[in-house]
Amino acid sequence: MQILVVGSGGREHALAWKLMQSPKVDQVFVAPGNGGTAAFTQNVDIAVTTNSEFAIAGLLDFARRRAIDLTVVGPEVPLVNGIVDTFQAAGLRAFGPTAAAARLEGSKAFAKEFMVAEGIPTAPAQIFDDYEAARAFLAQHTGPIVVKASGLAAGKGVILCDTPEAAQTALHQMMVQRVFGNAGDCVLLESLLEGEETSLLAFSDGTTVIPMLPARDYKRARDDDQGLNTGGMGGYAPSSLLSEETIESVTAGVLQTTIDGMRRRGTPFVGVLYAGLMLTAEGPQVLEFNARFGDPETQLLMPLLESDLLDIMLACVEGRLSPGDVRWRSACSVGVVLASGGYPGSYEKGKVITGLEEAAKIAAGSAAGFAGTIFHAGTQLQGDQTVTSGGRVLAVIATAADREAARNRAYKAVSKIHFEGLQFRTDIAALRHTENPGGDPTDTDRARDQESAYTAAGVDIDAGEHAVELMKAAVRQTYTPEVLSGIGAFGGSLSIEALSRDHNLVLVATTDGVGTKTMIAEAMGVYDTIGHDIVNHCVNDILVQGARPLIFLDYIAAAKLDPVQIATVVNGCAAACKAVGCVLIGGETAEMPGVYSPGSFDLVGTMVGWVDRDALIDTSALRSGDVCIGIPSSGLHTNGFSLARRVLGSVGWDTVLPELGKSVGEALLAPHRPYLREIEALWAAGVTIKAMSHITGGAYMENLPRVLPDGIGARIDRSAWEVPAIFRLIERLGEVDALEMYRVYNMGVGLVAMVAPDDVDTALAAVPGALVIGETTTWDGSGPRIIL
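Everything numeric here is computed off the predicted structure, so don't read it as measured data. (Residues numbered from 1 in each chain as written. Predicted model: local features only at pLDDT ≥ 70, side-chain atom pairs only at ≥ 80, totals over all residues. Heavy atoms only, no water.)

Caption draft 1: Quick peek at the overall build of the protein. The helix and strand inventory of the protein stands at 27 helices and 37 strands. Taking 788 residues into account, the globule formula puts the C-alpha radius of gyration at 28 Å, and the protein, at 29 Å, falls close to it. Principal axes of the C-alpha set define a box for the protein whose edges measure 90 × 60 × 60 Å. Among the 788 residues that make up the protein, the fraction classed as buried is 56%. Restricting to contacts in the protein with at least 6 residues of sequence separation, those with at least 24 account for 75%. Of note, the protein has its 60 positive side-chain charges centred 3 Å away from the centre of its 92 negative side-chain charges. (Helix = DSSP H or I, 4+ residues; strand = E, 2+ residues; numbered from the N terminus. Rg over C-alpha atoms; globule rule 2.2 N^0.38 Å. Buried < 20%, exposed > 50% of the residue type's maximum accessible area, 1.4 Å probe, protein only. Contact = heavy atoms within 4.5 Å. Lys, Arg positive; Asp, Glu negative; His and termini not counted. Charge placed at Lys NZ, Arg CZ, Asp CG, Glu CD.)

Caption draft 2: Structural detail: the pattern of salt bridges. What the rule picks out here adds up to 34 salt bridges. When salt bridges with common partners are traced through the structure, they connect Glu196, Arg216, Asp225, Arg425 and Asp427 into a single cluster. (Salt bridge = Lys/Arg side-chain N within 4 Å of Asp/Glu carboxyl O.)

Caption draft 3: Expanded view of the sheet that holds strand β15 (residues 234-237). Pairing in this open sheet of 5 strands is antiparallel, and the strands run β12-β15-β18-β23-β20 from one edge to the other. Unpaired on one side and paired on the other, β12 (216-217) and β20 (373-376) mark the two borders of the sheet. Note that β15 and strand β18 (residues 332-339) share 4 bridges and pair antiparallel. Counted as the bridge partner of tyrosine 236 is valine 334 from β18. Its contacts with the sheet place helix α13 (residues 403-414) against β15, β18 and β23 (392-400), and it is angled at close to 140° to β23. (Pairing = 2+ DSSP bridges. Axes fitted to C-alpha atoms, helices over the stretch in contact; angles between N-to-C directions.)

Caption draft 4: Representation of the environment of aspartate 761 in the model. The residue aspartate 761 is located in helix α27 (residues 760-766) in this model. The exposure class assigned to aspartate 761 is exposed, which follows from its relative accessible area of 63%. Once the C-alpha coordinates of aspartate 761 and histidine 537 are considered, the two residues, 224 residues apart in sequence, prove to be 28 Å apart.

Caption draft 5: Fine view of the nonpolar core. Core analysis: the largest hydrophobic core is formed by 99 residues, its most contacted members being Phe552 and Leu668. The element that contributes the greatest number of residues to this core is helix α20 (residues 563-579), accounting for 8 residues. (Core = buried A, V, L, I, M, F, W, Y, C linked by side-chain atoms within 4.5 Å.)

Caption draft 6: Region of the structure containing the packing of helix α7 (residues 131-139) against helix α8 (residues 164-175). Put simply, α7 and α8 touch, their axes get as near as 10 Å, and they point 170° apart. Put simply, α7 runs roughly antiparallel to α8. Residues Tyr131, Ala134, Arg135, Leu138 and Ala139 of α7 lie in contact with α8, whose contacting residues are Ala167, Gln168, Leu171, His172 and Met175. Residue composition of the contact of α7 with α8, by class: 7 nonpolar, 2 polar and 1 charged. (Parallel < 35°, antiparallel > 145°, perpendicular 65-115°, else oblique. Nonpolar A, V, L, I, M, F, W, Y, C, P; charged D, E, K, R; others polar.)

Caption draft 7: Summary view of unusual backbone geometry. In this chain, aspartate 295 is followed by proline 296 through a cis amide linkage whose omega measures 25°. Mapped onto the secondary structure, proline 296 falls in the loop between β17 (283-290) and α10 (297-301). Positive phi, normally seen in glycine, also occurs at alanine 67, with a value near 50°. Here the phi dihedral of arginine 178 falls at roughly 55°; this positive angle occurs in a residue that is not glycine. As for its placement among the helices and strands, arginine 178 is situated in the loop between α8 and β9 (187-190). For arginine 178, a relative accessible area of 39% translates into the label partly exposed.

Caption draft 8: Highlighting the pairing of strand β16 (residues 270-280). Burial within β16 is extensive, with 11 of its 11 residues counted as buried. One ladder, built from 10 bridges, connects strand β10 (residues 196-205) with β16; its direction is antiparallel. From the neighbouring strand, threonine 198 faces β16, where its bridge partner is leucine 277. In terms of strand pairing, β16 meets β17 through 7 bridges, oriented antiparallel. Bridging from a neighbouring strand, glycine 276 pairs with glutamate 288 of β17.

Caption draft 9: Geometry of α13. Between its terminal C-alpha atoms α13 stretches 16 Å, which fits the 16 Å expected from 12 residues at 1.5 Å a residue. Of the residues making up α13, those classed as buried are Arg403, Ala406, Arg407, Arg409, Ala410, Tyr411, Ala413 and Val414. Of the residues flanking the start of α13, the one acting as N-cap is aspartate 402, its side-chain oxygen 3.1 Å from the backbone nitrogen of glutamate 404. (Expected span 1.5 Å × (residues − 1). Polar contact = N/O pair within 3.5 Å; in protein donor to acceptor, adjacent residues only side chain to side chain.)

Caption draft 10: Highlighting the environment of glycine 372. Structurally, glycine 372 can be placed in the loop between α12 (356-364) and β20. C-alpha separation for the pair glycine 372 and glutamate 680, spaced 308 residues apart in sequence, amounts to 46 Å. In this structure, glycine 372 is in contact with Ala363, Ala364, Ile397, Ala398 and Thr399, ignoring residues within four places of it in sequence.

Caption draft 11: Inspection of the sheet that holds strand β30 (residues 627-632) at higher detail. The strand order β33-β35-β30-β36-β34-β37 describes an open sheet built from 6 strands, whose pairing is mixed. Strands with a single pairing partner mark the edges of an open sheet, and in this sheet they are β33 (689-694) and β37 (786-787). Where strand β34 (residues 712-716) meets β37, 2 bridges bridge the pair, whose relative direction is parallel. Counterpart to arginine 715 in the pairing with β37 is isoleucine 787. Against the sheet, helix α23 (residues 676-684) touches β30, β33 and β35 (749-755), its axis set at about 175° to β33.

Caption draft 12: Up close: the packing of aromatic side chains. The tally for this structure, following the rule as stated, stands at 13 aromatic pairs. Judged by centre distance (6.2 Å) and plane angle (35°), the rings of tyrosine 700 and tryptophan 721 are tilted. Of this pair, tyrosine 700 sits in helix α24 (residues 699-703) while tryptophan 721 sits in the loop between β34 and α25 (725-733), placing them 21 residues apart in sequence. You'll find tyrosine 700 and tryptophan 721 in the same group, each marked buried. The ring of phenylalanine 110 has arginine 103 lying over it, and the distance from NZ or CZ to the ring centre is 4.1 Å. Positioned over the ring face of tyrosine 236 is arginine 403, at 4.2 Å from the centre of the ring. (Phe/Tyr/Trp six-rings, centres within 6.5 Å; stacked < 30°, edge-to-face > 60°. Lys NZ or Arg CZ within 6 Å of the ring centre and 35° of its normal.)

Caption draft 13: Layout of helix α18 (residues 517-524). Along α18, the positions that sit buried rather than exposed are Lys517, Thr518, Ile520, Ala521 and Met524. Seen along its axis, α18 keeps its buried residues to an arc of 160°; they face one direction. Once α18 ends, the next one or two residues include glycine 525, with phi positive near 70°. (Arc of directions from axis to C-beta.)

Structure, rendered in structure tokens:
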């Protein structure tokens, strides 16, 4: 049989992968497919999420020409736009609901009204298509609330708001700013349900419904369910949150009731019905319906499906589905989604992905009956390289006899994969004792009862060893042939023989930390950028003396080590080191219960750089009238976070503010920028840099004097550049004196280079974005040395 799978994500990769295992399938086409499906199917260059009418016509034409026996539709957009109706009218079989039935997903307003009419348990909600009416309702509301765009918004149209202010912001974004387009023309203001989130998918032929294994999906972008909503950052199956009794209850009271209600309305639902559930104290309640396979649930479930997927789909399409058609393996699967930096907001594409082959071998494992794999989503092939092309890039799936074993192998495989900006959650499928309430002790419970004395004291040796395993590959990618010993040794060693031959070598060293920025990272559950902060901070500290980075060492201390969290931080350090040509030669992790509060950690780094003695920055050449060139910062960098936390904590780290264009937490966590390439560009252009100042703790008032010789001061023109919104927000909400801001923060300029007037034009041409912000002055020792 010839099969056409419609879509380009990880879900479609998983469906094609499973369909290819059917002995009845001769060939699978995927339209448009991705870099992963290209390896074993034939991709078809027809986009399906834009210009839907044209895309559906193109798919129909392709299906006719290639005599496609069954078309399997993955994404919601073509389903809502009637692809199944079009194929049926042409006499072709397609797996999925008609446009009328797909309204369960395409219109949250329709779905909510349907659930209320059918008595399906769901959260109370008000539906509005008028902004002022919705705003007035919110003005009378207190406490948390959920703001939902009714239409399709690629999994991002649901915003959980802790405060009425955050809800008003979300409402304005949807209905006025139209950040989700016409999906936000109608909104739901829904009561926030509390409990554990899970999902249950089911096959249906329009009359019969057969549930799949329950799966747990992690929607929030960050650990501990922090951050913005996404399309899904990973999950596991089967979910221990749904007992057999609960599955039977949900199947009868939600899934079958839905199928019956749609059939009575003359719009039978054929395909996969997805019920997103919240397990509340009052019982399961429906958060949403999807009219197709879930993502990443499909990637979790397909490796566990024992039955022939094609047989099941044909039974649904032909109206003859029976319980015996769907059989499952006795195993567990865990999947971790690797996403582009910035997702679910804006992100860059085209980043080269490495380590896929090694990771795939680890995910696959060697035990009989347990198969794992890597499903591609946002990838494409460029020559012989696989590069990123979307927000969610890969789903690393591992299966095993138990969840913990599958989780360990999944994260071990994750540690082998690298691309610039890589981010992932570190808590997918983390075992929680509460998931076995009142039941028999699990193997994990028994293991916990057999703790060593050291573990009982609060220190987990195994966690440290696991962290090292997860970070090894990234650390070693920074090595050069000069490295003699590194990770795992008592001390790192590196030969400087070649450098010594060519240079009159001077070593420059610095040690610093990222301060309480770690607390924002902890609150957001974002650990992949904080390593960049400490490396780049140290780069800039040695750079102002004319030195280039040579080696770096990290130190991480915490109350309790989370191996994946620690590895994520160190992997960030490694990526930052690699970007500036520095070797991550070693490091230390320390678990110190009682010293640090639970969940907190500290990050410190030491860097050694090198410079030819003749190239050391000699600030004695500075004269009054030299020009201060400012190079923009990327945000707060690593200073002033105690004040920022006090001022902005009440706003909410996940709150997206229009002036920022992103959440407060994301703005604060913008990684510290290194200035090595900019300064190298100045040197290459022949600019003589008389002095450089890294605008860090103490800002202008304390950092500029550190490089000024006796008798020299500086005048900085605060009007010379536009101060980024995050600083103005802190100043306004904290009612901070304007001058005080320049004593605490870089205010948008992270490094100041001082040059002679004759070099200014060359300097500005060499470094895009650089600008003149002031000049040096004569200072007689009285009055302020730095004038702002």
